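# An overview of the molecular structure
Residue-level listing of the chains:
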Amino acid sequence: MKKFFFVTKNIFKEQEIKKFILSKKNQYKNFRFFSLKEINFTDSIPEYGNSFIENAFLKAEFFFKKTNLPCFSEDSGLKVECLNGEPGIYSSRYSTNNNNIDNIKKLLSNMVKNRSRKAEFFCVFCLKINKKETYFFEGKLSGKISEKISFKKGFGYDPIFIPENHNHTLSEISINKKNQISHRIKAFKKLIQFVNK
Ligand code: ITT
C-alpha cells in the first residue's frame, strides 16, 4: 500500500480527490491518502512563491521537513486572458478580505464587456516521496468566465467558470462530472499513475 499525506487546508480539493479515488477504487486500491487533520497538523503552511510550481513545492517541502512523511501538495488557480493571467497564483487572495464571493465580484468587475472571456484553470501537484525525490504533475482546464454568478454553492471560481464545450458553470455540475474534466484530476491522474508504476 502506498500512503501519502495530502498537504492542503482546502476541503474542496480534498473532497474532489477523495471522490476520484473512490470512483476508481478497483484501479487504485494500493493508494491511500490522509488529510492533515488525521495527525492534527495545524501549522500555517508557507505560500510565498512566484509560481504555481514554487508554491506547490513550498507546501510539500514544509510538511516533509516537519514530519518526514511522504506527501503531496497542490497549487492551483484561475488565469483570465483579458487580465493578463490574473488572478493566477493569487486566486484565493484576490480581494482584500480573501472572501470567495468578493474574489468573484472583483474578477467580474475587472472584466469589461466585449473583451475576451477566455480563461483557464491550472493546477500542479508536488509529490515528495523522500528527501531526494520530488516530482511535479500539471493539468489545465480551458473555458470562459460567465457574465453572471450561478448562485449555487461551489468551490472558488466554480460559480463563474464554464468549461469548453459545456453550457453550465462548474458549480452546476456534480463533483464526479467535474472530476471527468478538471485540471486537478488531469494532474492527479499523472501522479497516481506514476506512483502505481
Ligand atoms: P491549500 O494551499 O491549503 O491547498 P488554497 O485554497 O490556499 O489551499 P491555493 O493557494 O492553491 O489553495 O489556491 C487555489 C485557489 O484557486 C482556490 O482557493 C480557488 O480560488 C481557485 N481554484 C483552484 N482550483 C479551483 C477549482 O477547481 N474550482 C474553483 N476555484 C479553484
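For the structure itself, consult the block above.
On a predicted model such as this, the values are computed, not experimentally measured, just so you know.

Turning our attention to the sheet that holds strand 6 (residues 161-163). Read from one edge of the open sheet, six strands run 2-1-3-4-5-6, paired in mixed fashion. Unpaired on one side and paired on the other, strand 2 (31-35) and strand 6 mark the two borders of the sheet. Shown here is a sheet whose adjacent strand axes are inclined to one another by a mean of 35 degrees, direction ignored. Alignment of strand 4 (residues 118-128) against strand 5 (residues 134-145), held across eleven bridges, turns out to be antiparallel. Within the sheet, the bridge partner assigned to Leu 127 lies in strand 5 and is Tyr 135.

With that settled, the discussion passes to helix 3 (residues 100-110). Taken together, the buried positions of helix 3 are Asn 103, Ile 104, Leu 107 and Leu 108. End-on view of helix 3: buried residues confined to an arc of 130 degrees, all on one side of the axis. Against the buried residues of helix 3 lie strand 3 (71-80) and strand 5. Between the side-chain oxygen of the N-cap and the backbone nitrogen of Ile 101 there are 2.9 Å, and the N-cap of helix 3 in question is Asn 99.

Where helix 1 (residues 11-23) contacts helix 5 (residues 183-196), the two axes come as close as 11 Å, and the packing angle between them is 55 degrees. Comparing the axis directions of helix 1 and helix 5 gives the class oblique. When the axes of helix 1 and helix 5 are compared, the crossing they make is right-handed. Here Lys 13, Glu 16, Ile 17, Phe 20 and Ile 21 of helix 1 come into contact with helix 5, specifically with Arg 184, Ile 185, Phe 188, Lys 189 and Ile 192. Partitioning the contact of helix 1 with helix 5 into residue classes produces six nonpolar, no polar and four charged.

Here is what the cut-offs are and how they apply
Residues numbered from 1 in each chain as written. Predicted model: local features only at pLDDT ≥ 70, side-chain atom pairs only at ≥ 80, totals over all residues. Heavy atoms only, no water. Pairing = 2+ DSSP bridges. Helix = DSSP H or I, 4+ residues; strand = E, 2+ residues; numbered from the N terminus. Axes fitted to C-alpha atoms, helices over the stretch in contact; angles between N-to-C directions. Buried < 20%, exposed > 50% of the residue type's maximum accessible area, 1.4 Å probe, protein only. Arc of directions from axis to C-beta. Contact = heavy atoms within 4.5 Å. Polar contact = N/O pair within 3.5 Å; in protein donor to acceptor, adjacent residues only side chain to side chain. Parallel < 35°, antiparallel > 145°, perpendicular 65-115°, else oblique. Left-handed = near helix turned anticlockwise from the far one by under 90°. Nonpolar A, V, L, I, M, F, W, Y, C, P; charged D, E, K, R; others polar.

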